[in-house]
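Listed below are the residues making up each chain.
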Amino acid sequence: MAAAESPGPAAAAAAGGPRGAAEADADGMGLTDLPGELLELILCCDVLGAADIGRVSCTCRRLREACQPRGKVWRERFRLRWPSLLKYYSHTDGVSWLEEYKARHNAGLEAQRIVASFSKRFFSEHVPCDGFSDIETLGCPSHFFEDELMCILNMEGRKGLTWKYYAKKILYFLRQQNILKNLKEYLQRPTDRQSFLEGAVLIDQYCNPLSDICLKSVQAQVDDITDKVRKVLRTKNPRHPSLASKAGEVLIPEVELQRQVLDAMNCVLYEQLKYKGNELDYYNSLNSYIHQVLIRRTGIPISLSVLYLTIARQLGVKLEPVNFPSHFLLRWCQGKEGSTDIFDYTYIDAFGKGKQLTVKECEYLIGHHVTEEFYGVVTSKEVLQRMVGNLLNLGKRESTDQSYQLLRDSLDLYLAMYPDNVQHLMLQARLYFHLGIWPEKVLDILQHIQALDPSQHGAVGYLVQHTLEHIERRKEEVGPEVKHRSDEKHKEVCFSIGLIMKHKRYGYNCVIYGWDPACMMGHEWIRNMNVHSLPHGPHQPFYNVLVEDGSCRYAAQENLEYNTEPREIPHPDIGRYFSEFTGIHYLANTELEIRYPEDLELTRATVQKIYSSGKE
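What counts, and where the lines are drawn
- Here the residue numbers are simple positions, counted from 1 along each chain's written sequence.
- Two thresholds apply to this predicted model, a pLDDT of at least 70 for residue-level local features and 80 or more for giving and counting side-chain atom pairs, whereas whole-chain, interface and lining totals are computed over all residues.
- Working from all heavy atoms in the structure, the side-chain values ignore hydrogens and water.
- For salt bridges, the criterion is a side-chain nitrogen of Lys or Arg within 4 Å of an Asp or Glu carboxyl oxygen.
- The buried label applies to any residue whose accessible area, calculated with a 1.4 Å probe on protein chains only, is under 20% of its type's maximum; exposed applies above 50%, and partly exposed to all values in between.
- Strands here are runs of E lasting at least two residues and helices are runs of H or I lasting at least four, both read from the DSSP assignment and numbered beginning at the N terminus.
- What pLDDT reports is the predictor's confidence in each residue, on a scale of 0 through 100.
- Here, residues are in contact when the closest pair of their heavy atoms is within 4.5 Å.
- Strand pairing is defined by DSSP finding a minimum of two bridges between the two strands.
- In this analysis, axes come from line fits to C-alpha atoms, helices being fitted only over the stretch in contact, and the angle between any two N-to-C directions falls in the range 0 to 180 degrees.
- UniProt positions are given in the numbering used here, feature names are shortened, and annotations may be inferred rather than shown by experiment.
- Whether two aromatic rings pair depends on their centres lying within 6.5 Å, for rings of Phe, Tyr and Trp, where Trp uses its six-membered ring; planes under 30 degrees apart make the pair stacked, over 60 edge-to-face, and the rest tilted.
- Roughly parallel means an angle under 35 degrees; roughly antiparallel means over 145; roughly perpendicular covers 65 to 115; every other angle is labelled oblique.
- Here a crossing is called left-handed whenever its near helix is offset anticlockwise from the far helix by less than a right angle, and right-handed whenever the offset is clockwise.
- Among the buried residues, those of types Ala, Val, Leu, Ile, Met, Phe, Trp, Tyr and Cys that are joined through side-chain atoms within 4.5 Å form a nonpolar core.
- The patches described consist of residues with a relative accessible area above 30% and no salt bridge, like charges being joined within 9 Å and nonpolar side chains (Val, Leu, Ile, Met, Phe, Trp, Tyr) within 5 Å.
- Per-residue accessibility takes into account occlusion by the displayed protein chains alone, with areas from the Shrake-Rupley method and a 1.4 Å probe.
- Note on charges: Lys and Arg go in the positive column, Asp and Glu in the negative column, and His and the chain ends are not counted at all.

As recorded in an unreviewed UniProt entry, the protein chain goes by Hemimethylated DNA-binding domain-containing protein and comes from Mycteria americana.

Written out as C-alpha cells, the structure is:
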C-alpha cells in the first residue's frame, strides 16, 4: 500500500540527491531550478510512488508547490494507480487528487478487511441477508470500494481463491442493489419515458452484475445498426425522411415510407448481419440478455422484438409490442392510428426474420385460435414482466446450478415489479427454505404472504414451523466438527482434502473438500442412489467433491481414483474451500484446514508419490 512505500534511488534523485533539492549540482543548477513543466514531468515518472511524492514535497517550498494536492503530479499518481476511476471525474478542475488518493487507499484497506472477515464468518453457511450490513453503511464512495473488489478479482495466478470468492459475492450484492434502485426509478417514470431497450438492459445487468454492461454501450451498438439501415435506405430513396438528422424525433405518417424502413431493416438485420431466431438452443438464458443478443446475433422472439422495435423507432416508425401467447410479436398500424380493430394492423415476427403476418397467419404460427385481447399492445412493464417470466421458467429448469442463481435473480426482479404477488413470494420462500439459507428472511416473506392472503395459512404454517426448527438447530451448533486422520475410526479413509480425482464410472473430474468414514446420508438417499449395489455398500468412506460441471456430489471411495492429469476444477464454490491451486492439487483455506487438520500432510505426500513417480 502507498503508506508503506519507501523512497528508492529515484526518490532520492528527485529530491536532489544526498545534498538536498535546494543545492546546485556541479554545473550550478539544482532540481528546483528546472522549468515547472519539466519538473512536473520528472515527478510524474511511474517509478515514483505516493510515499516518494509525499517525501519530495517536504523538502522545500518549490517542490511542495510542484506537488500541490490539486496539481498534475497527484492526478498522475492517482491515474497510474487506479486508471479505471478517472471516468468518474467529468470535471477535474478543483479536485484534490491527494485527498482522492487517500480516500481510495482507505477504501481499499476497508474492502480487504471485510473480504478477509467473510470466510471466517460465513464458511459454514451462505452469506445471510444481514451479512452485508457493514457494507451498506460504508464511509467511503461505493465506486472506490467496488474498484478494490475488482482488483482482488483480477489478481493474477491461482492464489487468493478464497478472497476472490467472497469479493465476487460482495460485488454481486452491491451491484444488484444499485441496479434494483435504478429499476424502481425506471418503473416510476411516465410510460412514455420508459425505453424498452433500457428495461431490457436493466434485466441483463441484474442477472449479470459482474459483466461490463451499460445502456450507453448497448445503445451505441444499436445506433451502429441503425446507421447501416440508413445506408441501405439511402440507396433506395435518397430523400427519405428517416435520413434527416432529427429522424426518430418525428414519426413518419406515410405507410409506404414506413414500409421502406422495415424493408431496409430486414435487409440489414437478417441478410447482412445474419440475425436469426435461436431455434437450436431456444432455452439458453443468453437468448434473453440484450447484450448477448447483440454479440451472438440470435435470440428469442421477445429479445429480438425489443431490438427491432428500438431500431424502427429511431428511424421514425412506430411499432408496438404484442404479448402474443407462446410467441412475442410487434404490430404495425395500417389503418387509423389508435385503431382497436385487430385487422387494421400487420404483425411482425422479429424471430422469423421480420416476416409480416396477418391475424390468421399469427394463429397458424402458434397452431390455435386466440381471442382479440391477445393482439393488444402492452406496456413496457408488461414486456419486462414477460422477459423476467421467461428467465423464471429457465431458472426452474436448471439442474446443474445447485445455487439456483438464475431463479433467485429472476424472482428478485419479478417481486421488484410486483411486490405483493403471493405466488412468487411463496416460490421465493420455498426456494430459500430448500437451499437452507436466510431463514430469517423466509419468516419475513411468510408473514407478508399471510397478511396478503390468509387462505395460505396451511402452507405458511408448515414452512414457519420447519424454519423455526432450522434456526434453533443453528443456535445449538457449538463449533466445527474436526476430523483427525489419526483417529482409529478414520483408518479406512484413503484420500485427502485437495486431491484432484476422477470418477471411475462416470468419468468426471473433481476435487475432494470433505470426507466421512462411512456414508452419512439417509436411508432414502442410499436406496435412490443404489448404494447397496456397490461391493462395499454404504460401509466405506464417502467423499464430498466439487465437480467440473458445477455440481457437488457425494462419492464412494471405491468409485474414485487419482487423476493422472490433474487440472483446475472450474466450480463456482472452489474459493469457499480452497485458497490456492498449485498446479497439481488444491490447498485448503484456513477454515477447511481447521476441520481437517491432518490432511495437508497426506495430500503433499500423495502428490509426491503419485505424480513424481509418474514423471520418472
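What follows picks up the thread again.
### Points about the pattern of salt bridges
On inspection of all chains with the given rule, the structure shows 20 salt bridges. Across the salt bridge formed by Glu 185 and Arg 189, the nearest N and O atoms sit 3.2 Å from each other. Given the relative accessible area of 40%, Glu 185 is considered partly exposed. For Arg 189, a relative accessible area of 14% gives the class buried. The salt bridge involving Arg 331 is made with Glu 320; its shortest N-O contact spans 2.9 Å. One end of the pair, Arg 331, is in strand S4 (residues 329–333); the other, Glu 320, is in strand S3 (residues 320–322), and 11 residues separate them in sequence. The same class applies to Arg 331 as to Glu 320, namely buried. Bridged by salt links that share partners, the residues Arg 104, Asp 147 and Glu 148 form one connected network.

### A look at the confidence of the model for the protein chain
Across the protein chain, pLDDT averages 89, with 92% of residues at or above 70. Predicted confidence is poor over residues 1–7, with pLDDT under 50, and the contacts of this stretch with residues over four places away or in other chains come to 19 contacts. Counting contacts from residues 9–24, a segment whose pLDDT is below 50, to residues more than four positions away or on other chains yields 31 contacts.

### A few points about the sheet that holds strand S6 (residues 355–357)
Read across the open sheet, the four strands follow the order S3-S4-S5-S6; overall the sheet is antiparallel. Since the sheet does not close on itself, it has two edges, and those belong to S3 and S6, each with one partner. The average angle at which neighbouring strand axes cross in this sheet is 40°, direction not considered. Relative to strand S5 (residues 345–349), S4 runs antiparallel, the two being bridged by four bridges. Each bridged residue has a counterpart across the sheet, and for Cys 333 the counterpart in S5 is Tyr 345. Contacts between helix H14 (residues 301–314) and the sheet are confined to S3, S4 and S5, with S4 contributing the most and set at about 30° to the helix.

### Focus: the UniProt feature "domain: Hemimethylated DNA-binding" (unreviewed entry) in the protein chain
Cross-referencing UniProt, the feature "domain: Hemimethylated DNA-binding" (unreviewed entry) maps to residues 492–589 in the present numbering. The annotated region residues 492–589 carries 10% helix and 34% strand content, and the separation between its end C-alpha atoms amounts to 24 Å.

### Description of the packing of aromatic side chains
To describe a pair of aromatic rings, you give the distance between the ring centres and the angle between the ring planes. Within the structure shown, the criterion is met by 25 aromatic pairs. For the ring pair Phe 78 and Trp 82, a centre distance of 5.5 Å and an interplane angle of 65° mean the geometry is edge-to-face. No difference in accessibility class separates Phe 78 from Trp 82, as the two residues are buried. Both rings, one in Tyr 347 and one in Tyr 375, keep their centres 5.3 Å apart while their planes meet at 65°; by these two values the pair is edge-to-face. Taken together, the positions of Tyr 347 in strand S5 and Tyr 375 in the loop between helix H15 (359–366) and helix H16 (380–397) put the pair 28 residues apart, joining distant regions of the chain. Summarising the burial analysis for this pair, Tyr 347 and Tyr 375 share the class buried.

### Observations regarding the packing of helix H11 (residues 215–236) against helix H12 (residues 255–272)
When two helices pack together, their arrangement is captured by the angle between the axes and the distance separating the axes. Relative to each other, H11 and H12 sit at 120°, their axes nearing to 9 Å. In terms of axis orientation, H11 runs oblique to H12. For the pair H11 and H12, the sense of crossing is right-handed. Of H12, the residues touching H11 (which contributes Ile 225, Lys 228, Val 229, Val 232 and Leu 233) are Gln 260, Val 261, Ala 264, Met 265, Cys 267, Val 268, Leu 269 and Gln 272.

### Some thoughts on the nonpolar core
Looking at soluble globular proteins, one finds that nonpolar side chains tend to be buried together. Grouped together as the largest cluster of nonpolar side chains are 84 residues, with contacts concentrated most on Ile 225, Met 265, Tyr 275, Tyr 308, Ile 311 and Leu 319. Not counting chain neighbours up to four residues away, the residues in contact with Ile 311 comprise Val 222, Ile 225, Thr 226, Val 229, Met 265 and Leu 269.

### Side note on a nonpolar patch on the surface
On the surface, Leu 38, Leu 41 and Ile 42 cluster together into a nonpolar patch covering about 250 Å² of accessible area. Within the secondary structure, Ile 42 is located in helix H2 (residues 36–43). Classification of Ile 42 by relative accessible area gives partly exposed; the value is 31%.

### Points about unusual backbone geometry
Phi angles above zero are rare outside glycine, and Arg 297 is one such case at about 55°. Positionally, Arg 297 belongs in the loop between helix H13 (290–296) and strand S2 (298–299). Positioned with a positive phi, Asn 530 is a non-glycine residue whose angle comes to about 55°. When you line up the elements, Asn 530 lands in the loop between helix H21 (523–528) and strand S9 (542–547).

### With respect to the side chain of Glu 591
Inspection of the secondary structure assignment puts Glu 591 in helix H23 (residues 590–595). Here Glu 591 sits buried without a salt bridge, and the closest side chain of opposite charge, Arg 595, lies 6.5 Å off (N-O distance). What Glu 591 contacts, discounting residues up to four positions off in sequence, is Ser 119, Lys 120 and Phe 123.

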